[in-house]
Amino acid sequence: MPQYHDGILGPEPRDPGQQFWDPEAQTMSRDQIHQVQSDRLRDMVGRILETPVPLFQRKLAEAGIQSVDDIKSVDDINKIPLTVKQDLRDSEAGAPPFGEYRFTPRESWVRLCTSTGTTGTPTIAVWTRKDIWLEYESACRNWWRNGWRPGQIVTHAHPAYQYGGGVMLSGCLEYFGMLNIWVEPPETDEIAVKGINMWARVRPDVSMVAFSLGRFMEVAAKDGVELNLPAFSLGGGGGRGLPLMTAGLECYAYVGGPCTESPGAHVHEDWAIVQAVDPKTGQDVPDGEWGNLVVTTLDRDNGLLRYDLEEACMMVREPCPCGETTIRSFWGGRFRDFLNSQGKYFMVSEVEGALRKVDAVTQPTLEYVVVKPTSETAPLKVRVELLEGPSSGGAEDARQRCAASIKELVGVEADVEILERETLERSGYKAVRLVDA
Ligand SMILES: [Zn+2]
């Protein structure tokens, strides 16, 4: 029998005062990063050709890449065509159930999940132990940067089962050494109360309930109780968009995270090549401009090559005073969430930002939907709940304020409808904010 020791189910302990979780990986010189990325990309191309991995082998063949020597370094990456979600979906449909894009045999996998399937058939993601470990180590870099440390208590309400987000997050937290209070996503008021009661007994040091927070706040307000939760805050603000926190569970869940000194998220470049790409040319857009988020995962058992997530991303390369040598990245949302109305191109989150300026509709939580525009010229239809309801004295004032705020901040005319409280569908995780007409 092996003896139990620190490091058998988690990392070796380290000095809580040290600045980086993995100083060696996070402070490499730019030359070293270039070398590591080049070696690992060439290794991946070699495995695609030799294993073979048919989907990516065909992509390489399209570009005339027949040998690993056709890729001299990471500088040649843009020779390789992009792969999108639909390619993975088609591959799984053509060679069910797993498609032709896996690098290792089925027997080497220990975890499987599907994407949430918000658009089309969900695809299947798989992990070997090494691939899970790589995510755990990546998450640890993020949390250490946030100032979180082993021994703290953290809570979250990520969904589970076939959707693998909750188990991945919980695994990372335990690996890092935090006490993990995983409460159920608040699909109903009764379920929400269970989480609220848990936090009343054990107060977390860190809250990661982010997407579910509104539901917990709403139920707590109804019951007249306080949420015993710390506020959630992240560094990396100050620029445009959000720091790039994830490239999705199926690609690279913990691709990077913000430090406290500069906008954007530090990208784990030893384990991924992250690019902002013009999909028409396959070339990088200039730094500081939005392109498609394209990720090549490195050093995994099962990787994705030049995977275009069809989301907006922007890169910055100026050195960061925090001392981490990696490039930084911003996330600008999924392209399918962008709206086109009255000559403006914007995101649902921008409409949300405008509504949040109107106090009357944020009590106890903001509940709204935007109707997907079907006409370029018609006012944007927005439905928003008001605590006192549409027939109350304040309804017309709230309606006008919402429309004025949307006009001011998003730049479009809006037709705002005031709804009774609890008219819109609730969700325990990410609420649906964009609906069809
Ligand atoms: Zn930094």
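Residues numbered from 1 in each chain as written. Predicted model: local features only at pLDDT ≥ 70, side-chain atom pairs only at ≥ 80, totals over all residues. Heavy atoms only, no water.

So, the coordination of the zinc ion
Moving on, step 1. Within the protein, the atoms that donate to the zinc ion are Cys-259 (SG), His-266 (NE2), Cys-320 (SG) and Cys-322 (SG), at distances of 2.1 to 2.3 Å.
Moving on, step 2. Of note is the zinc ion, whose 4 donor atoms meet at the metal with angles of 102 to 119° in an arrangement that counts as tetrahedral.
Moving on, step 3. Read from N- to C-terminus, the donor residues coordinating the zinc ion fall into the pattern C-x6-H-x53-C-x1-C. Here His-266, found in strand β9 (residues 265-267), pairs with Cys-320, found in the loop between β13 (307-316) and β14 (328-334); they are 54 residues apart in sequence, far enough to count as distant. (Donors = N, O, S within 2.8 Å, 3.2 Å for Na, K, Ca; no water. Tetrahedral: all angles 85-135°; square planar, octahedral: opposite > 155°, others 65-115°. Helix = DSSP H or I, 4+ residues; strand = E, 2+ residues; numbered from the N terminus.)

Examining the pattern of salt bridges
Moving on, step 1. A complete count under the given rule lists 33 salt bridges for this structure.
Moving on, step 2. Here Arg-356 ties to Glu-352 by a salt bridge, and the two come within 2.9 Å at their closest N and O atoms. Of this pair, Arg-356 and Glu-352 both sit in helix α9 (residues 348-356), separated by 4 residues, roughly a single helical turn.
Moving on, step 3. Here Arg-356 falls in the partly exposed class, since its relative accessible area comes to 46%.
Moving on, step 4. Put simply, Glu-417 and Arg-383 hold a salt bridge, and the shortest N to O gap is 3.4 Å. A residue pair is termed long-range when its members are at least 10 positions apart, and Glu-417 in strand β19 (residues 414-420) and Arg-383 in strand β18 (residues 380-386) qualify at 34 residues.
Moving on, step 5. Classification of Arg-383 as partly exposed rests on a relative accessible area of 28%.
Moving on, step 6. Connected via shared salt-bridge partners are Asp-189, Arg-215, Glu-218, Lys-222, Glu-367, Glu-385, Arg-421, Glu-422, Arg-426 and Arg-433. (Salt bridge = Lys/Arg side-chain N within 4 Å of Asp/Glu carboxyl O. Buried < 20%, exposed > 50% of the residue type's maximum accessible area, 1.4 Å probe, protein only.)

Considerations on the sheet that holds strand β6 (residues 206-207)
Moving on, step 1. Read from one edge to the other, the open sheet built from 3 strands follows the order β5-β4-β6, with strand pairing classed as parallel. In this open sheet, the two strands that pair with only one neighbour each are β5 (179-182) and β6.
Moving on, step 2. Inspection of the sheet shows strand β4 (residues 153-156) paired to β5 by 4 bridges, in the parallel sense. Across the sheet, the residue bridging to His-156 is Trp-182, located in β5.
Moving on, step 3. Against the sheet, helix α6 (residues 165-176) contacts β4 and β5, and its axis sits at roughly 160° relative to β5. (Pairing = 2+ DSSP bridges. Contact = heavy atoms within 4.5 Å. Axes fitted to C-alpha atoms, helices over the stretch in contact; angles between N-to-C directions.)

Observations regarding a nonpolar patch on the surface
Moving on, step 1. Residues Tyr-4, Ile-8 and Leu-9 make up a contiguous nonpolar surface patch of about 390 Å² in total accessible area.
Moving on, step 2. By the secondary structure assignment, Tyr-4 is in the segment before α1 (23-26).
Moving on, step 3. By relative accessible area, Tyr-4 is classed as exposed at 61%. (Patch = residues over 30% accessible without salt bridge, like charges linked within 9 Å, V, L, I, M, F, W, Y side chains within 5 Å. Areas by Shrake-Rupley, 256 points an atom, 1.4 Å probe, with all protein chains shown as cover.)

Regarding the side chain of His-156
Moving on, step 1. Mapped onto the elements of the fold, His-156 is located in strand β4.
Moving on, step 2. Polar contacts involving the side chain of His-156 include one to the main-chain amide nitrogen of His-158, which spans 3.2 Å.
Moving on, step 3. Side chain to side chain, His-156 and Asn-180 meet in a polar contact 3.3 Å long.
Moving on, step 4. Setting aside anything within four residues of it in sequence, one finds His-156 in contact with Gly-166, Leu-169, Ser-170, Leu-173, Asn-180, Ile-181, Trp-182, Val-183, Met-208 and Val-209. (Polar contact = N/O pair within 3.5 Å; in protein donor to acceptor, adjacent residues only side chain to side chain.)

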